[in-house]
Amino acid sequence: MAAGPLTVLWANLHGGFLALLVSLAVLTAGYTLEAWLFGQRQPQRWRLPRRYAMLTVAATAASCVNPWGPKLLVNLFFYMRQQWMLKMIEEYQSPRFHGGNSLYIEILVIGAILAAAALFARRQVAAPLLILAWTHASLISVRHVPILAIVAGPWIAAGATELWNEGVRRFRGRSLVKTLDTIARDHTPGLTRLSVWAAVFVILVAAAPLGSVWPTDFPASRFPVALVSRHAKLISSSRIFSTDLWSDYLTFRFY
């Protein structure tokens, strides 16, 4: 029930809402394949394809509740097909596996592929199809890597947990591995509890008069604050060639 309002909010805040529409469409296709391949004697399997198809349509319709209406989706489609932009903006390019955080991306991609293979082996299609779709997207554009981590992370963790549990069974009662496993199991109930106190603490800190003033602008040491203030009228009515970081600042000032 909350998908519609949340999609409306998301579509009016950030273009990343497309990830939701793509994920829902992939899940719809995946569950349809599952029902077609394995649901000959299980009519209830067709409930999920119908549910996700309706959810995809509802989320797409909800995303059109914005100042531009359905034109927003059309504009985003053509925007993402601009080859010159894809070649010039670094975050739209493929990951560079020659340093930096490339090792973490490699581990994530390998883990995602293994998790998808394990799910396929269990005659699941939707979840591994979603994982592979975002794995493919992450290898094309580095900005999709966080989405892959969100999508594949729980499945990778579940698979790693199964491997750990299987390995623990092969060790004796007083081994180091058994001891670590016992400690982990003893602490698991406490870690799985949810509490509102963390949110309450954050709200109290944010609302408390601690003598500090919330910033109203970006730091002048890193951004052209004074320059933009002096030439605000000219900048707001002109096209600016700038770096990606400074462009974010200009968007903030002249939204």
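Residues numbered from 1 in each chain as written. Predicted model: local features only at pLDDT ≥ 70, side-chain atom pairs only at ≥ 80, totals over all residues. Heavy atoms only, no water.

1. Some remarks on helix α6 (residues 102-121)
Logical step 1: In this model, α6 (20 residues) spans 29 Å end to end at C-alpha, consistent with the 28 Å of a helix rising 1.5 Å per residue.
Logical step 2: Listing the buried residues of α6 in full gives Ser102, Ile105, Leu108, Val109, Gly111, Ala112, Ala115, Ala116 and Leu119.
Logical step 3: For α6, the elements touching its buried residues are α7 (126-140) and α8 (145-168).
Logical step 4: Count one or two residues on from α6 and you reach Arg123, which has phi positive near 65 degrees. (Helix = DSSP H or I, 4+ residues; strand = E, 2+ residues; numbered from the N terminus. Expected span 1.5 Å × (residues − 1). Buried < 20%, exposed > 50% of the residue type's maximum accessible area, 1.4 Å probe, protein only. Contact = heavy atoms within 4.5 Å.)

2. Focus on the packing of α7 against α8
Logical step 1: Where α7 contacts α8, the two axes come as close as 9 Å, and the packing angle between them is 150 degrees. Comparing the axis directions of α7 and α8 gives the class roughly antiparallel. With respect to the hand of their crossing, α7 and α8 are arranged in left-handed fashion. Residues Ala127, Leu130, Ile131, Trp134, Thr135 and Ser138 of α7 form the contact with α8, whose participating residues are Val145, Ile147, Leu148, Val151, Ala152 and Trp155. (Axes fitted to C-alpha atoms, helices over the stretch in contact; angles between N-to-C directions. Parallel < 35°, antiparallel > 145°, perpendicular 65-115°, else oblique. Left-handed = near helix turned anticlockwise from the far one by under 90°.)

3. Examining the side chain of Ser102
Logical step 1: Assignment of secondary structure puts Ser102 in helix α6.
Logical step 2: For Ser102, a relative accessible area of 8% translates into the label buried.
Logical step 3: If we skip the residues at most four places from it in the chain, Ser102 touches Arg96 and Phe97.

4. Topic: the nonpolar core
Logical step 1: Formed by 28 residues in total, the largest nonpolar core has its most connected members in Phe17, Leu27, Leu130, Ile131, Trp134 and Leu148.
Logical step 2: At 7 residues, helix α2 (residues 17-38) tops the list of elements feeding residues into this core.
Logical step 3: Once residues lying within four places of it in the same chain are set aside, the contact partners of Leu27 are Tyr52, Ala126 and Leu130.
Logical step 4: By size, the runner-up hydrophobic cluster in this structure holds 6 residues, among which are Phe223, Val225, Val228 and Ile235. (Core = buried A, V, L, I, M, F, W, Y, C linked by side-chain atoms within 4.5 Å.)

5. Re the pattern of salt bridges
Logical step 1: Taken as a whole and assessed by the stated rule, the structure comprises 5 salt bridges.
Logical step 2: Linking Asp181 and Arg185 is a salt bridge whose minimum nitrogen-to-oxygen distance equals 2.9 Å. In this pair, Asp181 and Arg185 are both assigned in helix α9 (residues 176-192), 4 residues apart and thus about one turn of the helix distant.
Logical step 3: According to the relative accessible area criterion, Asp181 is buried, its value standing at 8%.
Logical step 4: Linking Arg253 and Asp217 is a salt bridge whose minimum nitrogen-to-oxygen distance equals 3.4 Å. With Arg253 in helix α13 (residues 244-253) and Asp217 in the loop between α10 (197-207) and α11 (225-230), the pair connects residues that are 36 residues apart, well separated along the chain.
Logical step 5: On the basis of relative accessible area, Asp217 is assigned to the partly exposed category, the value being 26%. (Salt bridge = Lys/Arg side-chain N within 4 Å of Asp/Glu carboxyl O.)

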